[in-house]
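Inside the fold
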Amino acid sequence: MCLLCCWHPGLLGQLYCSHKENEIKLLTAEIERLKNFGCLGVSPSLEGLRDENAKLKYRLNFLKKSLQEERNKSTKSMVNINSCLQEIFGAAIQAAYPDLENPPLVVTPSQQPKFGDYQCNSAMGISQILLKTREQKVIPREIAEKIAKNIPANECIEKVEIAGPGFINVHLRKDFVSKQLSSLLINGVQPPAIGKRKKVVVDFSSPNIAKEMHVGHLRSTIIGESMCRLFEFAGYDVLRLNHLGDWGTQFGMLIAHLQDKFPDYLTVSPPIGDLQAFYKESKRRFDTEEEFKKRAYQCVVLLQSKNPDFIKAWNLICDVSRREFQKIYNCLDITIIERGESFYHEMMKDIVKEFEDKGFVQVDDGRKVVFVPGFPVPLTIMKSDGGYTYDTSDLAALKHRLCEEKGDILIYVVDSGQSVHFQTVFAAGQMIGWYDPKVTRVAHAAFGVVLGEDKKKFKTRSGDTVRLIDLLEEGLKRAMDKLKDKERDKVLTPEELKAAQTSVAFGCIKYADLSHNRLNDYVFSFDKMLDDRGNTAAYLLYAFTRIRAIARLANIDEQMLRKAAREEVLVLDHEKEWKLGKCILRFPEILQKILEDLLLHTLCDYLYELATTFTEFYDSCYCVEKDRHTGQIVKVNMWRLLLCEATATVMAKGFDILGIKPVERM
C-alpha cells in the first residue's frame, strides 16, 4: 500500500500512485511498439518534440519523475496507522457487503493489550443497518467473521481475532512498527501528505486599542497560536489575523482628551505612559461633561472623514497600544498580523448595498437589519445615524477572507459568549452566496472563561480584571522560586537558569490552558500548573530533559544516534518496548483528530500518556547497563536509546505545536 493513502481515509493517494504506474506501463509498451517499427526519435527539448514516439518518451520520463517524488514525499511522512487500518477494513467491508451504502467504519486503539493493538467495531453497526433496511437478522459475530475473511493483503496486520459479540481485535506486525519507528528516526517527524495545499485563515487574540490585554485575552491568544502552528506543520498556508478593535466611537473621546492634555501632539509625540488610565479619564469626562461629549462626537465624524490631523491622533493612540501588545506577544512567542476593524471600514458601505440589492434588508426604527432564517435576533448592518456596527465589520471581514484571501478554512478563536453572533454572521454569508459549507469550512472555535480558585471569574483582590502582563511577570517569579526550591540554581549556569525559568513559566501558563477542553471554563492556579507531578507542563518538561540526558550521559552523541538509526533494528520484544513503540506512532492520528475537531487538549493528553508510557519502559528496560561496583558503563542497548530518541523527537514536535520551548538542561 502506498503510504500516501495511509494519511487519508479514502483511496485517493493509492489511486493517484497506481494510476501513474499503470500509465507508465502503457507508455512503455507503446514506445516498445514504435521501436519495432524503427521510428523512435530523440529530441533535446519539449519544443523539439514533433513525432509521437518522442512525445510519449517525454511523458514517460515526466511520470516516472513525478511518481518518484510522490513516493519520496509519502515515505518520509509518519504513517497514520489508524487511517491505514480504516483503509484495510473499508476494503474488507466493501468486499463482504458490496451493496451496503456508507457502512459504519469504526477503528480505535485497544484499551487493553489482551484485546490486541486496535479494534474494528463495525460489525454491530452493520448488523443494525441490515435489520432496519433489509429486515435481515444477522448476528454481529457472523458479520465480523465475514469481514475478517475479506481483509486484503497488507503490511501492517499480523493477525485478527473475533472477540465477544463481534469485536475484531487487530494485532500489528512488529516488523511493521519497527520499520515505522526507524523511518521516524531517520526522517524526523514529517507532516502528512495533505494533497492540495489549502489556505487557512485564523482570527485570534483581538484585543481593543486603548485597553490593556487582560486574562480574558489569554485563551484566544494561546489557543489561536497553537492552532496556527498545527496547520502550518501539516502543510497548510496559514494567515494569522489579529482583528483589533481599532475603530469606533470610543476614539472620539480619546482624541478629544488627547487634544486637551497634549495640545502640541501633532509636533511632539505625547508621553502617554498608562493608556488604560488615559482611557478611563476620557471615559469619565465623556460620561460627566456634556460639552466634552459633543466634541467627542465631532471628533468621530472628522476621524471617519479621514481628516489628516485626526488620523495622526488615532495612529498615535494605536501605536501606544501596539507597543504594549507586542511585549506580551514577545513573551508568549506569538506571531500575528494586525488587521483591525479599520481595515474593513471602506468595504462596509458595499456590504450594506449588497444585502440591499439582494432584498435581504429591512428597516426597523431607522436601522437597517438583516434577518437570517433560524436566528431570532437580526444583524444590524447600519445604525439609524448612518454608522456601522460590529455586525457590519464582521460581515466585511468574512467576505474579504472568503473572496479576497480565498480562504478554504476560516477559524475564529473567540469566547463562547459570541457563539450566536458568529453563527448568525456565518449563516448570513451562506444566505447571500459567499460560500458553500460543503466546500469551505468556517468554524467558531469557542472557549470558556478563566476562573479564579474561588470558581468565579478571575479577578484581582480589588475586583479588577487581571492584567495579562502582571500574570506573566508573576509566572516568571513563581517559576524561579520553584527552580531555587529544587536547588537548580546551584547546578545550572545563570544563562541556563534564565532559560529554564522562561520555559517553565510561559510553558506552564500555556499548557494549563491548552490541556483543558477549550469548550469548558478552567480554574487558573499557579500552584497546580507548576506542580511537577501529573499532567502539567512542569512534569513534561522535566521528563523531556531527563530523556534527552540518557544518551548524553552514556556518551552517545547525535551523530552516533543517526548512524544507529540507519543500521540498528529496533527490537520490540519486551512488552514495555512494544507499548512505547505503538504509543509513539499514534502521534499522526492524534494530530489528524485535532485538525478535524480543533480540540488541542487531545495533544496534551497524548504527550502525558507518552511520558508516562516512557517511564514504564525506562523502569523495566535497561538502556545503559553499568557495573554495580564501579559505576562504569558496561553495555549500551542502542535500540532502546533509539526508542528514547524517538520519544523525545515526538515530544519536541508536540511542544512546538503547543508553543512550549523545552530546554536541554533543567
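Each remark here, short or long, concerns the structure printed above.
Keep in mind that what you see is a predicted model, and the values were worked out from it rather than measured. (Residues numbered from 1 in each chain as written. Predicted model: local features only at pLDDT ≥ 70, side-chain atom pairs only at ≥ 80, totals over all residues. Heavy atoms only, no water.)

**Considering helix H13 (residues 348-357)**
For H13, the complete set of buried residues consists of Met348, Ile351, Val352, Glu354 and Phe355. Taken around the axis of H13, the buried residues stretch over an arc of 160 degrees, which confines them to a single face. Residues of H13 that are exposed and point more than 90 degrees away from the buried face comprise Lys349 and Asp357. In this structure, the buried side of H13 is in contact with strand E8 (361-364), strand E9 (367-370), strand E10 (379-382), helix H14 (390-404) and helix H15 (419-431). (Buried < 20%, exposed > 50% of the residue type's maximum accessible area, 1.4 Å probe, protein only. Helix = DSSP H or I, 4+ residues; strand = E, 2+ residues; numbered from the N terminus. Arc of directions from axis to C-beta. Contact = heavy atoms within 4.5 Å.)

**With respect to the side chain of arginine 219**
Among the structural elements, arginine 219 can be located in helix H8 (residues 215-233). Not counting residues within four places of it along the chain, the set of residues in contact with arginine 219 comprises Gly224, Phe447, Gly448, Val449, Val450, Asp513, His516, Asn517, Arg518, Asn520 and Tyr522.

**A closer look at the packing of helix H22 (residues 587-597) against helix H23 (residues 601-620)**
H23 packs onto H22 with a crossing angle of 160 degrees between their chain directions and a minimal axis gap of 9 Å. As far as their axial angle goes, H23 and H22 are roughly antiparallel. The hand of the H22/H23 crossing is right-handed. Contacts between H22 and H23 involve Phe587, Ile590, Leu591, Lys593 and Ile594 from the former and Thr602, Leu603 and Tyr606 from the latter. Broken down by class, the residue content of the contact of H22 with H23 amounts to six nonpolar, one polar and one charged. (Axes fitted to C-alpha atoms, helices over the stretch in contact; angles between N-to-C directions. Parallel < 35°, antiparallel > 145°, perpendicular 65-115°, else oblique. Left-handed = near helix turned anticlockwise from the far one by under 90°. Nonpolar A, V, L, I, M, F, W, Y, C, P; charged D, E, K, R; others polar.)

**Examining the sheet that holds strand E1 (residues 107-109)**
Sheets are built from strands paired through backbone hydrogen bonds, the pairs being either parallel or antiparallel. The strand order across the open sheet built from four strands is E1-E2-E4-E3, with neighbouring strands paired in antiparallel fashion. Strands at the two margins of the open sheet, each flanked by one partner only, are E1 and strand E3 (157-163). Each strand of the sheet is rotated relative to its neighbour by a mean of 25 degrees, with strand direction disregarded. As defined by bridge partners, E3 adjoins strand E4 (residues 167-172) across six bridges and the pair is classed as antiparallel. Paired with isoleucine 157 across the bridge in E4 is leucine 172. (Pairing = 2+ DSSP bridges.)

**Considering the environment of glycine 340**
By secondary structure assignment, the location of glycine 340 is in the loop between strand E7 (337-338) and H13. As for glycine 340 and asparagine 242, which are separated by 98 residues in sequence, their C-alpha atoms are 6.6 Å apart. Residues within four places of glycine 340 in sequence aside, it is in contact with Asn242, His243, Leu244 and Asp246.

**A look at the packing of aromatic side chains**
What the rule picks out here adds up to 16 aromatic pairs. With centroids separated by 5.3 Å and ring planes inclined at 85 degrees, the aromatic side chains of tryptophan 247 and tryptophan 314 adopt a geometry described as edge-to-face. Of the two residues, tryptophan 247 sits in the loop between strand E6 (237-242) and helix H9 (250-261) while tryptophan 314 sits in helix H12 (residues 308-332), which places them 67 residues apart along the sequence. With a relative accessible area of 9%, tryptophan 247 lands in the buried category. Taking 5.8 Å as the distance between ring centres and 80 degrees as the angle between the ring planes, the aromatic pair formed by phenylalanine 355 and tryptophan 434 counts as edge-to-face. One end of the pair, phenylalanine 355, is in helix H13; the other, tryptophan 434, is in the loop between H15 and strand E12 (441-444), and 79 residues separate them in sequence. Assessed through its relative accessible area of 11%, tryptophan 434 is described here as buried. Geometry around tyrosine 97 places lysine 146 over its ring, the cationic atom sitting 4.6 Å from the centre. One Lys or Arg, arginine 339, reaches over the ring of phenylalanine 343 and ends 4.7 Å from the middle of that ring. (Phe/Tyr/Trp six-rings, centres within 6.5 Å; stacked < 30°, edge-to-face > 60°. Lys NZ or Arg CZ within 6 Å of the ring centre and 35° of its normal.)

**Comments concerning the pattern of salt bridges**
According to the stated counting rule, one finds 48 salt bridges in the structure shown. For glutamate 405, the salt bridge is made with arginine 339, and the minimal N-O distance between the two is 2.7 Å. One end of the pair, glutamate 405, is in the loop between H14 and strand E11 (409-412); the other, arginine 339, is in the loop between E7 and H13, and 66 residues separate them in sequence. Residue class for arginine 339 comes out buried when judged on its relative accessible area of 13%. In this structure, glutamate 616 and lysine 576 form a salt bridge, with 3.1 Å as the shortest nitrogen-oxygen distance. Of the two residues, glutamate 616 is situated in helix H23 and lysine 576 in helix H21 (residues 575-585); the sequence distance between them amounts to 40 residues. Look at the salt bridges and you will find they share partners, linking Glu225, Arg229, Glu232, Arg240, Asp333, Lys653, Asp656 and Lys661 into a network. (Salt bridge = Lys/Arg side-chain N within 4 Å of Asp/Glu carboxyl O.)

**A short note on the side chain of arginine 229**
Within the secondary structure, arginine 229 sits in helix H8. There is a polar contact of 3.1 Å between the side chain of arginine 229 and the side chain of aspartate 333. Once you skip the residues sitting within four places of it in the chain, arginine 229 turns out to touch Arg240, Asp333, Asp656, Ile657 and Gly659. (Polar contact = N/O pair within 3.5 Å; in protein donor to acceptor, adjacent residues only side chain to side chain.)

**Overview of the sheet that holds E9**
Read from one edge to the other, the open sheet built from three strands follows the order E8-E9-E10, with strand pairing classed as antiparallel. The sheet is open, and its two borders are formed by E8 and E10, each paired with just one other strand. Within the sheet, the average angular offset between the axes of one strand and its neighbour, ignoring direction, is 45 degrees. Bridging between E9 and E10 involves three bridges; their strand directions are antiparallel. Looking at E10, one finds that valine 370 is bridged to leucine 379.

**Some remarks on unusual backbone geometry**
You will see that serine 206, though not glycine, has its phi angle at about 50 degrees, which is positive. When you line up the elements, serine 206 lands in the loop between strand E5 (199-203) and H8. In this structure, leucine 598 is a non-glycine residue whose phi angle is positive, near 60 degrees. Along the chain, the position of leucine 598 falls in the loop between H22 and H23.

No statement about biological role is implied by the geometric values presented.
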